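In case you want the letters, here they are:
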Amino acid sequence: MAKIIFPACFLCLMLCGCFWNSDYSAPRTFDLDPGGKTAVMLPCQVSFAIIRNISGADRRFFERHAGNRMVSDEFNRWSQDPELMLERFFRSRIHGEGAKVVRVSCVIRTFEVDTVVRQVRLAVDFTLACDGIRRSFSCDVQEKLPDDTADRSTAVAAAMNKCASAVAGQLEKNISEIIKMNLINYFLVLLKIVLIQNQKI
């Protein structure tokens, strides 16, 4: 019996040592930081309606390797899923006040790290709607990773932050454009009414 008990105890101790290994490191968590640039104040309210994520990415860093092999990094992750993190980023960067409301819907197509060409890529399709006027556009932004970085994960987070800032800039620009289109449409309607009234006189 002793010949069985002692090896069993030794095996248990070895397994416990594996599970409680002091070399274990918890996953590192990164966030997108909208700070560093003054929030844009637009002459309209901005409502984020739907943000869909079809990129395949979740909280883990999503990497594209040779042969289009996709790998989720178990040791580096984001603070939230991409759609929630980007919505928070956009909301903190874009504000507005006014009678008009621009509704923003978007689809995240790509949210990944390309290890082959050493770049971070963010691709988003947007649809804006305001008083019957719709405007659709796409953003596809890449940011190169430095070759000599000692902390690759921090470099990835910084690069994605730049991509998100570029996309937010395009979103702000297009929201301004749809407001201009709305105003032009409003004045055209008024002009049409005035012309009709003049014809009746």
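Everything discussed here concerns the structure shown above.
Every chain is numbered independently, its residues counted from 1 as its sequence is written. Confidence filtering applies because this is a predicted model: local features only for residues at pLDDT of at least 70, side-chain atom pairs given and counted only at 80 or more, and all residues used for totals across whole chains, interfaces and linings. Water and hydrogen atoms were dropped before computing side-chain values, which therefore reflect all heavy atoms in the structure.

Enquirer: Could you clarify how one ought to interpret the nonpolar core in this entry?
Expert: Across soluble globular proteins, nonpolar side chains show a tendency to be buried alongside one another. Only buried residues count toward a nonpolar core. Its members are Ala, Val, Leu, Ile, Met, Phe, Trp, Tyr and Cys residues joined through side-chain atoms within 4.5 Å. When accessible area is computed with a 1.4 Å probe and restricted to protein chains, residues below 20% of their type maximum are described as buried, those above 50% as exposed, and intermediate ones as partly exposed. Formed by 46 residues in total, the largest nonpolar core has its most connected members in Leu122, Phe126, Leu171 and Ile175. Helical segments are the DSSP runs of H or I of at least four residues, strand segments are the runs of E of at least two, and each set is numbered from the N terminus. A per-element tally of this core places helix α3 (residues 152-200) first, with 13 residues. If we skip the residues at most four places from it in the chain, Ile175 touches Leu42, Cys44, Val46, Ile94, Val102, Val104 and Leu128. Residues count as neighbours in contact if any of their non-hydrogen atoms are within 4.5 Å of one another.

Enquirer: Can you walk me through the pairing of strand β7 (residues 101-114) in this structure?
Expert: Successive residues of a regular strand alternate their side chains across the two faces of the sheet. Here strand β3 (residues 45-53) pairs with β7 via eight bridges, running parallel. Opposite Gln45, over in β7, you have Val101 as the bridge partner. Pairing geometry for β7 and strand β8 (residues 119-130), over 11 bridges, is antiparallel. By the bridge assignment for β8, Ser105 is matched with Thr127. Paired strands, as defined in this entry, are two strands with at least two bridges between them according to DSSP. The hairpin formed by β7 and β8 contains four residues between the paired strands, and Arg118 there has a positive phi angle of roughly 55°.

Enquirer: It is not clear to me how unusual backbone geometry should be interpreted in this structure. Could you clarify?
Expert: A negative phi holds for most residues other than glycine; trans holds for most peptide bonds. In this model, Arg118 sits at a positive phi of 55°, which is unusual for a non-glycine residue. Turning to its location among the elements, Arg118 is positioned in the loop between β7 and β8. Given a relative accessible area of 30%, Arg118 falls into the partly exposed group. One non-glycine residue, Asp131, lies in the positive phi region at around 50°. Here Asp131 shows up in the loop between β8 and β9 (133-144). The class for Asp131 is exposed, based on a relative accessible area of 52%.

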